[in-house]
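# Breakdown of the fold
The chain contents come next:
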Amino acid sequence: MRRRLLTLVCVCASLLSGCGVLSDGTTERRTVTLWLMQNSASQDYLNRFTAEFEREHSGLDLDIRIQDWTGIGEKVQKALETAAPDGPDVIEVGNTQVATYAEGDGLLDLTLESLRDWGRDDWLPGLAEPGKWGSQQYGIPWYAANRVVIYRKDLFREAGITAPPTTRDEWLTVTEKLNTGGDQGIYLAGQDWYTLAGFIWEEGGELATERSGVWRGTLDSPAALRGMDFYRRLQALGDGPVDSDEEHPPQAGVFAEGDVAQIVAVPGLARAILKQNPDLKGKLGYFPVPGRTAERPGAVFTGGSDLVVPANTDARDDAVEVVAALTSARWNTDLARTMDYAPNKAGLAGSVAGEEGVAAMAAGAAQGRATPITPQWSAVEADNPIKEYMTKVLTGADPDTEAERAARRITEALAFD
């Protein structure tokens, strides 16, 4: 066996103790190495989990190694290809990255455990679906983060708005009412394509579809065009730049200036807002991105992380035990409350009901989606034609023409091998 195990040769004639037990009667200890990403979990949470897990699994030690997102793709691929003595047994990966790693047979198939033990049918779809490759489950949902609407309670109150909108039509009406005087009804950058994706999905459209193994872009479908039209109408009720995304400039800083009524962002962005403008403390509220009807929130892009097990681990059973514990209801809800995440199952949303921002995110997560499940989607994002398409439409170009052009570029990127 590779790495860390104290090798014992079991020879019944010479050993009174059984295999896996040292001569003094103590059980040999095994180490499970975890690669977790920076800032995914607080050190206090990891300390608590490690202490409890090791207490419940007396023969195991956890070696948690924090990784930087920069350059992680290449590092993970190398670990999957080479069984190094100090390699990982469990790895946290972005939910949309699972297909890339599973394609080369580098991950352990966890379909059986998912169906039999872990309640796969209850997982958030935005985490569960991209965790699959074909019909097999390789990525196990750990936590989710999706966009909500962060709003100014005081500006809503001053405008006579007593409750957040629950439908998209109401959202437009409310935002138009807030877009008055020196205030922006909403700050929405022109190239916030993750937000656009949610609007497209809500209309029943897709960014791309697959048929018989061939992918093609579908921004030119009627449903996708309706999603873009809603984005255009909403974006116009503020002064967001049409030729840049939500990070240029960072929308937290824009909101902190004090004349913006709403932004679409993950709830955790409120920390950055309050750091820049402490006077907004107590004035921020949250609601799920509205859907077409009041019965349910709108579709949103679900970001977050899955846990995977390298196929080359020699600690398969121990690694599976770690994944089972981290994604269990107990530790998953603990992580959600600690880090302001949405739990990995919609049924656990009640555990974060006391936190307004997290509760809004958890409600929206039930309608969460992910980008197309193909390793080639990264090629689309590398030279993102969706952003250019959005800017063209927002500056007056014909939506049908620009959508066809963008869809064609997506098709070309997805066909590249």
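Report on the accompanying structure. On a predicted model such as this, the values are computed, not experimentally measured, just so you know. (Residues numbered from 1 in each chain as written. Predicted model: local features only at pLDDT ≥ 70, side-chain atom pairs only at ≥ 80, totals over all residues. Heavy atoms only, no water.)

### Quick notes on the pairing of strand β10 (residues 262–265)
Note the threshold: Burial status follows relative accessibility: with a 1.4 Å probe on protein chains alone, a residue under 20% of its type maximum counts as buried, one over 50% as exposed, and anything between as partly exposed. Elements are defined by DSSP. Helices are runs of H or I of four residues or more, strands are runs of E of two residues or more, and each kind is numbered from the N terminus. Strand pairing is assigned whenever DSSP identifies at least 2 bridges connecting the two strands.
Burial of the side chains of β10 extends over both faces: Gln 262 and Val 264 are buried on one face and Ile 263 and Ala 265 on the other. Relative to β10, strand β7 (residues 148–152) runs antiparallel, the two being bridged by four bridges. By the bridge assignment, Val 148 is partnered in β10 with Ala 265.

### Digging into the packing of helix α7 (residues 168–178) against helix α9 (residues 222–235)
To characterise two packed helices, one gives the angle between the axes of the helices and the distance between these axes. As a reminder, the rule being used: For helices, the fitted line uses only the C-alpha atoms of the stretch in contact; every axis is such a line through C-alpha atoms, and the angle between N-to-C directions lies from 0 to 180 degrees. Angle categories: roughly parallel below 35 degrees, roughly antiparallel above 145, roughly perpendicular from 65 to 115, and oblique for all the rest. By definition in these notes, contact holds between two residues if any of their heavy atoms fall within 4.5 Å. Here the nonpolar group is Ala, Val, Leu, Ile, Met, Phe, Trp, Tyr, Cys and Pro; Asp, Glu, Lys and Arg are the charged ones; every other residue, Gly included, is treated as polar.
For the pair α7 and α9, the least separation of the axes is 10 Å and the interaxial angle reads 20°. Comparing their axes, α9 and α7 come out roughly parallel. On the side of α7, the interface is formed by Arg 168, Trp 171, Leu 172 and Thr 175, while α9 contributes Phe 230, Arg 233 and Leu 234. Among the residues forming the contact of α7 with α9, the class breakdown is four nonpolar, one polar and two charged.

### A closer look at the pattern of salt bridges
Defined as follows: What makes a salt bridge here is a side-chain nitrogen of Lys or Arg within 4 Å of a carboxyl oxygen of Asp or Glu, nothing more.
A full pass over the atoms with the stated rule returns 29 salt bridges. Ionic pairing is found between Asp 340 and Arg 271, a salt bridge with its closest N-O pair at 2.6 Å. Taken together, the positions of Asp 340 in the loop between α13 (329–339) and α14 (356–365) and Arg 271 in helix α11 (residues 269–276) put the pair 69 residues apart, joining distant regions of the chain. Given the relative accessible area of 22%, Asp 340 is considered partly exposed. Among the ionic pairs, Glu 402 bridges to Arg 405, the shortest N-O distance being 2.7 Å. In this pair, Glu 402 and Arg 405 are both assigned in helix α17 (residues 399–415), three residues apart and thus about one turn of the helix distant. A residue is classified by how much of its surface remains accessible, and Glu 402, at 11% relative accessible area, is buried. Given a relative accessible area of 35%, Arg 405 falls into the partly exposed group. One network of salt bridges, in which partners are shared, links Glu 52, Arg 55, Glu 56 and Arg 330.

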